[in-house]
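One-letter residues, chain by chain:
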Amino acid sequence: MRIGELADAVGVTTRTVRHYHHQGLLPEPERLANGYRTYTLRHVVVLARIRRLTELGLGLAEVRDVLADEAGKDLAEVLEELDADLARQEAAIRERRVRLRALLEAEGGLPAEGPVSPELAELFAGMGDVSGSPMALRDREMLALLESTMAPEDREGLLAALRGALGSPEAVARAHAAYALLDELADTGADDPRVAEAARVLADCLPAELLPEEDVVLDSGGGFLGALYADFSPGQAEAVRQAMEIASRGRRS
């Protein structure tokens, strides 16, 4: 086959094929008497392998190392490995489509913070309408961010803790009350007399599983918690600090 046919077979451009030749990743076939190069099935397999490895995020130097390791394998073995790679891709795509379908069919529709997992979307739906609470909306944004950046095992722990904390109408009502009290503290100072009540109600809502092992110093000096803390009014920040102190003290007692 000619270079255009090779490129079409794998789904790349002829310019890409020539680049891989230049980088020493794809061997160039010898020219025939008529001046044309004829590519074989082996070239198709290697080119497809290069494409798959680069799609997985490997740099060309890493791809070169992988191909060097496979140089001694026969064609059937390489094809088997390529087929296994494609099977893993298909399984990952099916899983992603299942999750996407669950989001599209979730009761109450997609949350504004989406896309989030179907489990978190279900928890958000169970909270009811919180569009009138800036603190509740901020909390949901934070949870969506946490879920998207956590390791799978930590994510499961987060969802389990939230299900436990919001697993009853009474718990949801407490959360709404805490949000309302915190909203009232917008533009207030740390010495506002309502801070203590907001802290007490918020402490009752905090899942024990999500509390840190050691006391957390909240300040605006940097990091994720610092950025979150800096976004609060002084009154809200003091209420959150006191709530974590109350909840941590209760866990240790």
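Residues numbered from 1 in each chain as written. Predicted model: local features only at pLDDT ≥ 70, side-chain atom pairs only at ≥ 80, totals over all residues. Heavy atoms only, no water.

Right, let's get into the nonpolar core. If you look at the biggest cluster of nonpolar residues, it comprises 23 residues, and the most contacted ones within it are Tyr179, Leu182, Leu185, Leu202 and Ala239. Looking at this core, the elements with two or more residues in it are helix H7 (134–149), helix H9 (169–184), helix H10 (195–203) and helix H12 (234–252). Discounting residues that sit within four places of it in the chain, Leu185 has contacts with Asp192, Arg194, Val195, Ala198, Ser233, Gly235, Gln236 and Ala239. By size, the runner-up hydrophobic cluster in this structure holds 19 residues, among which are Ala7, Val12, Val46 and Leu67. (Core = buried A, V, L, I, M, F, W, Y, C linked by side-chain atoms within 4.5 Å. Buried < 20%, exposed > 50% of the residue type's maximum accessible area, 1.4 Å probe, protein only. Helix = DSSP H or I, 4+ residues; strand = E, 2+ residues; numbered from the N terminus. Contact = heavy atoms within 4.5 Å.)

The next thing to look at is helix H1 (residues 3–10). Where H1 is concerned, the buried positions are Ile3, Leu6, Ala7 and Val10. The buried residues of H1 occupy an angular sector of 95° when the element is viewed end-on, so they sit on one face. Residues of H1 that are exposed and angled more than 90 degrees away from the buried face: Asp8 and Ala9. On its buried face, H1 sits against helix H2 (14–22) and helix H3 (41–55). Remark: Gly11 follows H1 within two positions and exhibits a positive phi of approximately 85°. (Arc of directions from axis to C-beta.)

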